[in-house]
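Listed below, chain by chain, are the residues.
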Amino acid sequence: MPRNDQETFAHLTAQPDTSYEINLLTYALFADEKSKWIEHFFNQHGTSPSAEQTEQWISNITDQHFEHMRLKAARYFDAAARLYMREEMDEEKKNVLESSIIKEVKAAGSFWRQIGTAVLTAVLAPIIIGGVIAASLAYNDVFPKLTRISASTNSGE
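K.L.:
So what about the side chain of Arg70? Which residues, and what values?
P.N.:
Turning to its location among the elements, Arg70 is positioned in helix α4 (residues 63-108). Of the polar contacts made by the side chain of Arg70, one reaches the side chain of Glu67; its length is 3.1 Å. In this view, Arg70 contacts Leu12, Gln15, Thr18, Ile22, Asn23 and Thr26; residues no more than four positions away in its chain are not counted.

K.L.:
Quick rundown of the side chain of Thr18? Include the residues and the values.
P.N.:
In this structure, Thr18 sits in the loop between α1 (5-13) and α2 (20-45). Using a relative accessible area of 19% as the deciding quantity, one classes Thr18 as buried. The contact partners of Thr18, leaving out residues within four places of it in the chain, are Asn23 and Arg70.

K.L.:
How would you summarise α2 if you had to cite specific residues and measurements?
P.N.:
Helix length check: α2 (26 residues) gives 37 Å between terminal C-alpha atoms against 38 Å at 1.5 Å per residue, within 8%. Buried within α2 we find Ile22, Asn23, Thr26, Leu29, Phe30, Lys34, Trp37 and Phe41. Positive phi appears at Gly46, one or two residues downstream of α2, with a value of about 75°.

K.L.:
Can you lay out the packing of α1 against α2 for me, pointing to particular residues and giving the numbers?
P.N.:
Running from N to C, α1 and α2 cross one another at 145°; their axes reach a closest spacing of 9 Å. Like other packed secondary-structure pairs, α1 and α2 cross with a definite hand, here right-handed. Of the residues in α2, those touching α1 at Asp5, Thr8, Phe9, Leu12 and Thr13 are Tyr20, Asn23, Leu24, Thr26, Tyr27, Phe30 and Lys34. For the contact of α1 with α2, the residue count by class is 6 nonpolar, 4 polar and 2 charged.

K.L.:
Please give an account of the packing of α2 against helix α3 (residues 51-59) that cites residues and values.
P.N.:
Packing of α2 against α3 brings their axes to within 12 Å, and their N-to-C directions diverge by 130°. Classified by the angle their axes make, α2 and α3 are oblique. Relative to α3, α2 is oriented so that their crossing is right-handed. On α3, the residues touching Phe30, Glu33, Lys34, Trp37 and Phe41 of α2 are Gln53, Thr54, Trp57 and Ile58. Of the residues that constitute the contact of α2 with α3, the class distribution is 5 nonpolar, 2 polar and 2 charged.

K.L.:
So what's going on with the packing of aromatic side chains? Residues and values would help.
P.N.:
Within the structure shown, the criterion is met by 5 aromatic pairs. Linked through ring pairs, Phe9, Tyr27, Phe30, Trp37, Phe41 and Trp57 together constitute an aromatic cluster.

K.L.:
Describe the nonpolar core, naming the residues involved and giving the relevant values.
P.N.:
Soluble globular proteins: nonpolar side chains tend toward being buried together. Leu12, Ile22, Leu29, Phe30, Trp37, Phe41, Trp57, Ile58, Ile61, Phe66, Met69 and Ala73 together form the largest nonpolar core, which totals 12 residues. Mapped onto this core, the elements with two or more residues apiece are α2, α3 and α4.

K.L.:
For the pattern of salt bridges, give the residues involved together with the corresponding values.
P.N.:
In a structure, side chains of opposite charge can pair up when their charged atoms sit close to one another. One pass over the structure, following the stated rule, counts 5 salt bridges. Among the ionic pairs, Glu55 bridges to Arg3, the shortest N-O distance being 3.0 Å. Of this pair, Glu55 sits in helix α3 while Arg3 sits in the segment before α1, and the two are 52 residues apart along the sequence. Ionic pairing is found between Lys34 and Asp5, a salt bridge with its closest N-O pair at 2.7 Å. Note that Lys34 is positioned in helix α2 and Asp5 in helix α1, a separation of 29 residues in sequence. Exposure remark for Lys34: the relative accessible area of 14% places this residue in the buried category. Exposure remark for Asp5: the relative accessible area of 23% places this residue in the partly exposed category.

Reading the values: the criteria
Each chain carries its own residue numbering, running from 1 in the written order of its sequence. Thresholds applied to this predicted model are a pLDDT of at least 70 for local features of residues and 80 or more for the giving and counting of side-chain atom pairs; totals over whole chains, interfaces and linings are not thresholded and use all residues. Side-chain numbers here rest on the full set of heavy atoms in the structure, without hydrogens or water. The helix and strand labels rest on DSSP assignments: H or I over at least four residues marks a helix, E over at least two residues marks a strand, and numbering proceeds from the N terminus. Polar contacts, as used here, are pairs of N or O atoms within 3.5 Å; protein pairs need one atom able to donate a hydrogen and one able to accept it. Residues neighboring in sequence count only if both atoms are side-chain atoms. Whether two residues touch is decided by their heavy atoms; if any such pair falls within 4.5 Å, the residues are in contact. Think of it in three bands: residues with accessible area under 20% of the maximum for their type are buried, residues over 50% are exposed, and the middle band is partly exposed, with areas taken using a 1.4 Å probe on protein chains only. Expected helix span is computed as 1.5 Å times (number of residues minus one). Convention adopted: a line fitted to C-alpha atoms gives each axis, helices being fitted over their contacting stretch, and angles between N-to-C directions are expressed from 0 to 180 degrees. In this scheme the crossing of two helices becomes right-handed for a clockwise turn of the near helix relative to the far one and left-handed for an anticlockwise turn of less than a right angle. Under the scheme applied, nonpolar residues are Ala, Val, Leu, Ile, Met, Phe, Trp, Tyr, Cys and Pro; charged residues are Asp, Glu, Lys and Arg; polar residues are all the others, including Gly. Each angle receives one of four descriptions, namely roughly parallel if under 35 degrees, roughly antiparallel if over 145, roughly perpendicular if within 65 to 115, and oblique otherwise. We call Phe, Tyr and Trp rings a pair once their centres come within 6.5 Å, taking the six-membered ring for Trp, and we label the pair stacked below 30 degrees between planes, edge-to-face above 60, and tilted otherwise. What is meant by a nonpolar core is a set of buried Ala, Val, Leu, Ile, Met, Phe, Trp, Tyr and Cys residues, joined one to another through side-chain atoms within 4.5 Å. In what follows, salt bridge is the name for a side-chain nitrogen of Lys or Arg lying within 4 Å of a carboxyl oxygen of Asp or Glu.

Listed below in structure tokens is the structure:
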């Protein structure tokens, strides 16, 4: 584990799977925590910590705590990047939305698409209506109505 600022910086920036920017922000969080610890130490003891006490504090920081600082730095970086790029991203979203709307309006209004829709409607509508009429006639033949049943029963007596 690192024992001083230089070793801590080397430890944090040596992470190959994390960007250099996130490692720098992690070191900034470490420096902030160290500053707060020194202030707390001064308030508790009335004096600043010695170099040995500071080295002991640094060496007691666990890898898990460094990882926690790294994740916190990544969240800070993400929030700052989104804030910095907000206007540009909003403008880009607006442009994409406008271009997709224009594209759809042009596609829906094209001559050949209108002709295709008209022909399809002209062909399918009579087939569907004829099918409904044929199905209702077949239903009446297969399933007789109550009046036809009573008429056939009365004529059979």
